Amino acid sequence: LFILMPSPSIAAEWLHIPLSYGSTSTQKVQVYGEEAVWQQSDGNDLEIFYFDGMRISQITNNSGDDENPQIYGNYIVWEGHDGNDKEIFYHNLLSSTTSQLTSNNDEDASPCVYGSYTAWHSSDGSDYEVRYADLSATTPLIVSVTNNSGINDYAPDISETRIVWISSDIST
């Protein structure tokens, strides 16, 4: 895995900065400005890594797979396996704290982030629903965007004033 950055001293030159080495599995790279996040195997499971433009930090170090990282502003979000199912986790870059956002029996996956807001889809056992939360709150409140039966609502994306997602009837 490499990141290309414009060289500050040489016009029209790009710096190639290696972010991972060896034969470890590196996947799902996301870039925000000069920062990047990705998932990479530590030899046992998948972990989340962060490049701040100068150095690499390992954000997670546990026994469950951490996948699908996204970065925007001061937040990194991802889905992680808690030993039972997938849950949503986030890391605040300003406070250097990592928190578990969801803790339920639902399969929570595909997080996205914009500013302090994150959205994801959650399986309620019969279909997928879209949820969101404001990560800047002391205790983030999880809000259901959709709540319908027989319709899969999944793959959300979020921007300043919108959440969009895919809906499909599961009976067809």
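All values reported here derive from a predicted model rather than from experimental measurement.

Caption draft 1: Region of interest: the environment of Gly 64. Mapped onto the secondary structure, Gly 64 falls in the loop between strand S6 (56-58) and strand S7 (66-72). Taking the C-alpha atoms as reference, Gly 64 lies 6.3 Å from Asp 45; in sequence the two are 19 residues apart. Contacts of Gly 64, omitting those with residues within four sequence positions, involve Asp 45, Leu 46, Glu 47 and His 81.

Caption draft 2: Inspection of unusual backbone geometry at higher detail. For Asn 68, which is not glycine, the phi dihedral falls at a positive 55°. Looking at Asn 68, the relative accessible area reads 17%, which means it is buried. Here Ala 155, not a glycine, exhibits a phi torsion of approximately 55°, which is positive. With respect to the helices, strands and loops of the structure, Ala 155 is situated in strand S15 (residues 151-158). Relative accessible area serves as the criterion here: at 35%, Ala 155 is assigned to the partly exposed category.

Caption draft 3: Seen up close, the packing of aromatic side chains. Considering all chains together, one arrives at 6 aromatic pairs under this definition. Centre to centre, the rings of Tyr 32 and Tyr 72 are 4.7 Å apart; their planes meet at 50°, and the pair counts as tilted. Linking Tyr 32 in strand S3 (residues 26-32) with Tyr 72 in strand S7, this pair joins segments that are 40 residues apart in sequence. With relative accessibility at 29%, the residue Tyr 32 sits in the partly exposed group. Ring centres of Tyr 117 and Tyr 132 lie 6.4 Å apart, and the angle between their planes is 45°; this geometry places the pair in the tilted category. Pair noted here: Tyr 117 is in strand S12 (residues 117-123) and Tyr 132 is in strand S13 (residues 128-134), with a separation of 15 residues, a long-range link.

Caption draft 4: Focus on the side chain of Thr 102. Relative to the helices and strands, Thr 102 is located in the loop between strand S10 (97-100) and strand S11 (107-114). Here Ile 88 takes part through its backbone nitrogen, which lies 2.8 Å from a polar atom of the side chain of Thr 102. Dropping the residues within four chain positions of it, Thr 102 is found in contact with Glu 87, Ile 88, Asp 108, Trp 120 and Ile 142.

Caption draft 5: Representation of the sheet that holds S13 in the model. Read across the open sheet, the 4 strands follow the order S11-S12-S13-S14; overall the sheet is antiparallel. Each edge of the sheet is formed by a strand with only one pairing partner; in this case those strands are S11 and strand S14 (143-144). Looking at chain direction, S12 and S13 are connected through 7 bridges and run antiparallel. Bridged to Tyr 117 within S13 is Asp 134.

Caption draft 6: Representation of the environment of Asp 66 within the structure. Tracing the sequence through the fold places Asp 66 in strand S7. Residue Asp 66 is classed as buried on the basis of its relative accessible area, which comes to 2%. Remark: the alpha-carbon pair of Asp 66 and Ser 41, spanning 25 residues in sequence, is separated by 9.5 Å. Excluding residues that lie within four positions of it along the chain, Asp 66 makes contacts with Gln 39, Leu 46, Glu 47, Ile 48, Thr 60, Trp 78, Glu 79 and Gly 80. Among the polar contacts made by the side chain of Asp 66, one reaches the side chain of Thr 60 at a distance of 3.1 Å.

Cut-offs and rules
Residues numbered from 1 in each chain as written. Predicted model: local features only at pLDDT ≥ 70, side-chain atom pairs only at ≥ 80, totals over all residues. Heavy atoms only, no water. Helix = DSSP H or I, 4+ residues; strand = E, 2+ residues; numbered from the N terminus. Contact = heavy atoms within 4.5 Å. Buried < 20%, exposed > 50% of the residue type's maximum accessible area, 1.4 Å probe, protein only. Phe/Tyr/Trp six-rings, centres within 6.5 Å; stacked < 30°, edge-to-face > 60°. Polar contact = N/O pair within 3.5 Å; in protein donor to acceptor, adjacent residues only side chain to side chain. Pairing = 2+ DSSP bridges.

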